[in-house]
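What follows is each chain in one-letter form.
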Amino acid sequence: MASESSEPKTLVMLLDQSEALKLIREQIGTTTTTSQSEPKTAVGVIPGAKKPPAKPLKPRPIWREHQLIGDSMMGRLASYLGHKVPYNREIHSKQLGLITHGQTTGRLIGTLHSANSPPLAPKVIVMIGTNDIAHDTPIGKAISNMKRILAFLSKRCKEVVVLTLPPVPAMEASFENLSKFNTFIKENSVLEHKNIKVVDMAVIFGASTETVKLDLFEKTFKGSNKKDLMHWNQDGMKQVLDALKKVI
């Protein structure tokens, strides 16, 4: 009797060994499941946070705060100024901003009115229409397109500098239409829009087949013997820039 009364009274419930192991396994299993169900989050990213908006594109190419717009003539001028005009595989042509090699007035209108149109600078220099004349676009249509382009740019830009088309030697047969196109630019655009300035290319390159300065045009395409006589060479581009510096 004495030995029984000397033992301490304990309230601890002893578990069977198998039951204890079962309980441990259940606890481990619950922890693992909870861990796997938690969403994986990248380090430094707050769950539910929105992605930062993409940086808006800037107008390009820019020279003296003016954006160049046009076809391969302006593309070459941009390259001469140090801008890279990359090849766009989707349209099979070189393109930078609102410059596209082979671009016509109609195509430029479509781009300007497109929801995905490249950004437009407050000040622009534009020359377009050579490809219209070269591919026999009816001169009335080419002039109508140019009128729309200048009206569009005049409303959205602080300053528009428009170049007339040079008397391209390779387009001698189309000089009459080219002259009509240039007459519209010189006489109508300035009268209708006060923020438009005109730089006449005839002063630089000649006004007719008799006065055209062949030494300011590329004689052949780069890397081939194919006749060019359509694009300005480096001397020609330098003179174009000198003329532009007088008005901007």
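The following refers to the structure shown.

About the thresholds
Residues numbered from 1 in each chain as written. Predicted model: local features only at pLDDT ≥ 70, side-chain atom pairs only at ≥ 80, totals over all residues. Heavy atoms only, no water. Helix = DSSP H or I, 4+ residues; strand = E, 2+ residues; numbered from the N terminus. Buried < 20%, exposed > 50% of the residue type's maximum accessible area, 1.4 Å probe, protein only. Contact = heavy atoms within 4.5 Å. Areas by Shrake-Rupley, 256 points an atom, 1.4 Å probe, with all protein chains shown as cover. 1 Å grid on protein atoms, 1.4 Å probe; cavity = no way out; pocket = protein on both sides within 12 Å on 5 of 7 lines; lining within 4 Å. Points joined across faces, edges and corners; volume = space filled by probe spheres on them. Nonpolar A, V, L, I, M, F, W, Y, C, P; charged D, E, K, R; others polar. Salt bridge = Lys/Arg side-chain N within 4 Å of Asp/Glu carboxyl O.

With that out of the way, let us pick up the overall build of the chain. Along the backbone of the chain there are 9 helices and 8 strands. Out of the 248 residues belonging to the chain, those deemed buried represent 36%. Long-range pairs, those at least 24 residues apart, make up 67% of the contacts in the chain between residues at least 6 apart in sequence. Summed over its atoms, the accessible surface of the chain is roughly 16000 Å², and 54% of this surface lies on carbon and sulfur atoms.

Moving on, we get to the layout of surface pockets. In this structure, the largest pocket spans a volume of roughly 450 Å³. Lining the largest pocket are 16 residues, with R76, S79, K94, E218 and K222 positioned closest to its centre. Contributions of two or more residues to the lining of the largest pocket are made by α3 (72-80) and α9 (234-245). Here the element with the most residues in the lining of the largest pocket is α3; it accounts for 5 residues. Residue composition of the lining of the largest pocket, grouped by class: 5 nonpolar, 7 polar and 4 charged. Contributing to the lining of the second largest pocket are L57, K58, P59, R60, P86, Q95, L96, G97, N116, S117, P118 and P119.

In the structure shown here, the tally under the stated rule is 6 salt bridges. Where E176 meets K180, a salt bridge forms, and the shortest distance between an N and an O atom there is 3.8 Å. Of the two residues, E176 and K180 are both situated in helix α7 (residues 175-192); the distance of 4 residues between them amounts to about one turn of the helix. Taking the relative accessible area as the measure of exposure, K180 reaches 41% and is therefore partly exposed.

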